[in-house]
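# Chains, contacts and geometry: an overview
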Amino acid sequence: GAVVSQHPSWVICKSGTSVKIECRSLDFQATTMFWYRQFPKQSLMLMATSNEGSKATYEQGVEKDKFLINHASLTLSTLTVTSAHPEDSSFYICSARGTGTSLYKMQFFGPGTRLTVL
Amino acid sequence: DAKTTQPPSMDCAEGRAANLPCNHSTISGNEYVYWYRQIHSQGPQYIIHGLKNNETNEMASLIITEDRKSSTLILPHATLRDTAVYYCIPYTGTASKLTFGTGTRLQVTL
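These lines cover the structure that appears in this document, whether it is placed above or below. (Residues numbered from 1 in each chain as written. Chains lettered and ligands numbered in written order. Predicted model: local features only at pLDDT ≥ 70, side-chain atom pairs only at ≥ 80, totals over all residues. Heavy atoms only, no water.)

## Here we look at unusual backbone geometry
- In the segment running from His-7 of chain A into Pro-8 of chain A, the intervening peptide bond is cis, with an omega of 0°.
- With respect to the helices and strands, Pro-8 of chain A occurs in the loop between β1 (4-7) and β2 (10-13).
- Notably, Ser-83 of chain A is not glycine yet its phi reads approximately 45°, a positive angle.
- Tracing the chain through its elements places Ser-83 of chain A in the loop between β8 (76-81) and β9 (90-98).
- A positive phi angle, close to 65°, is found at Arg-68 of chain B, a residue other than glycine.
- Considering the arrangement of structural elements, one finds Arg-68 of chain B in the loop between β6 (61-64) and β7 (70-75).
- Residue class for Arg-68 of chain B comes out buried when judged on its relative accessible area of 9%. (Helix = DSSP H or I, 4+ residues; strand = E, 2+ residues; numbered from the N terminus. Buried < 20%, exposed > 50% of the residue type's maximum accessible area, 1.4 Å probe, protein only.)

## Remarks on the interface of chain A and chain B
- The interface is formed by 17 residues belonging to chain A together with 20 residues belonging to chain B.
- Summed over both sides, the interface of chain A with chain B buries roughly 1,500 Å², with 53% coming from carbon and sulfur.
- Of the charged contacts in the structure, one is a salt bridge between Glu-59 of chain A and Lys-97 of chain B, with a shortest N-O distance of 3.0 Å.
- Summed over the shared surface of chain A and chain B, the number is 8 residue pairs in polar contact (both at pLDDT 80 or more).
- Among the secondary structure elements, those contributing two or more residues to the side of chain A that touches chain B are β4 (30-38), β9 and β10 (107-109) of chain A.
- It is β9 of chain A that provides the largest number of residues to the side of chain A that touches chain B, a total of 3 residues. (Contact = heavy atoms within 4.5 Å. Buried area = accessible area lost by both parts, 1.4 Å probe. Salt bridge = Lys/Arg side-chain N within 4 Å of Asp/Glu carboxyl O. Polar contact = N/O pair within 3.5 Å; in protein donor to acceptor, adjacent residues only side chain to side chain.)

## Focus on the pairing of β9 of chain A
All names here are of chain A.
- A large share of β9 lies buried, amounting to 9 of its 9 residues.
- Residues Ser-90, Tyr-92, Cys-94, Ala-96 and Gly-98 point to one face of β9 and Phe-91, Ile-93, Ser-95 and Arg-97 to the other, with burial holding for every one of them.
- Summarising the sheet, β4 and β9 pair through 8 bridges and their orientation is antiparallel. In the strand pairing of β9, Thr-32 is matched with Arg-97.
- Strand direction decides the pairing type here: β9 and strand β11 (residues 113-117), joined by 3 bridges, are antiparallel. Its bridge partner being in β11, Ser-90 is matched across the sheet by Leu-115. (Pairing = 2+ DSSP bridges.)

## Observations regarding the state of the cysteines
Residue and element names in this part refer to chain A.
- Per the stated rule, a full pass over the model turns up 2 disulfides over all chains.
- Each sulfur in the disulfide pair Cys-23 and Cys-94 lies 2.0 Å from the other. Between Cys-23 and Cys-94, the S-S torsion sits near 80°, and that sign places the bridge as right-handed. Taken together, the residues span a long stretch of sequence, with Cys-23 in strand β3 (residues 19-25) and Cys-94 in strand β9 at a distance of 71 residues. (Disulfide = S-S within 2.5 Å.)

The following block contains the structure:
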């Protein structure tokens, strides 16, 4: 149990286009989801925290108008990279925090999405 | 948030126990110690967590010192598939954020 999926697993796009990445909790409900970014040979950096039905909270230095996050249901959050540029090329990883006694305090991660902007 | 110190890299022979240390001397009383690992080009995988007592599951054992300032993750019989970056993270699990440091890169060799 406690599986998080991401789609797509990799995407290549042209500079200036927008890309949407989906994050789903498959077998549990997640009131809170998180989006991370990881550049080569670096650690994961938290970009934003999203709670179902409310606006996302972005970390300092992350442009909220560029990285649009929607958390419309307890099992789905989306990250849209708007007007992508080569410097946005990175590994994007989502995670979901479960509810309920056994899953509370647990954060489960998706497999990641490799974005390459040409 | 508490800071952690982990050795940047470790080697372990396959079949041997891998002992990964972590210092978290500024951990708060309500913070658990969580361990995750990240295999190359994958999302992090939860391993184990604990508050005060030692914990064991099917993947690993976690030893936490009595003063909670440090802990050790033990992989009892390391395999090549355990090669990954291991992260030790103090975390309350509720309103706080799971913040990743630089971790320990464990290389398991034949």
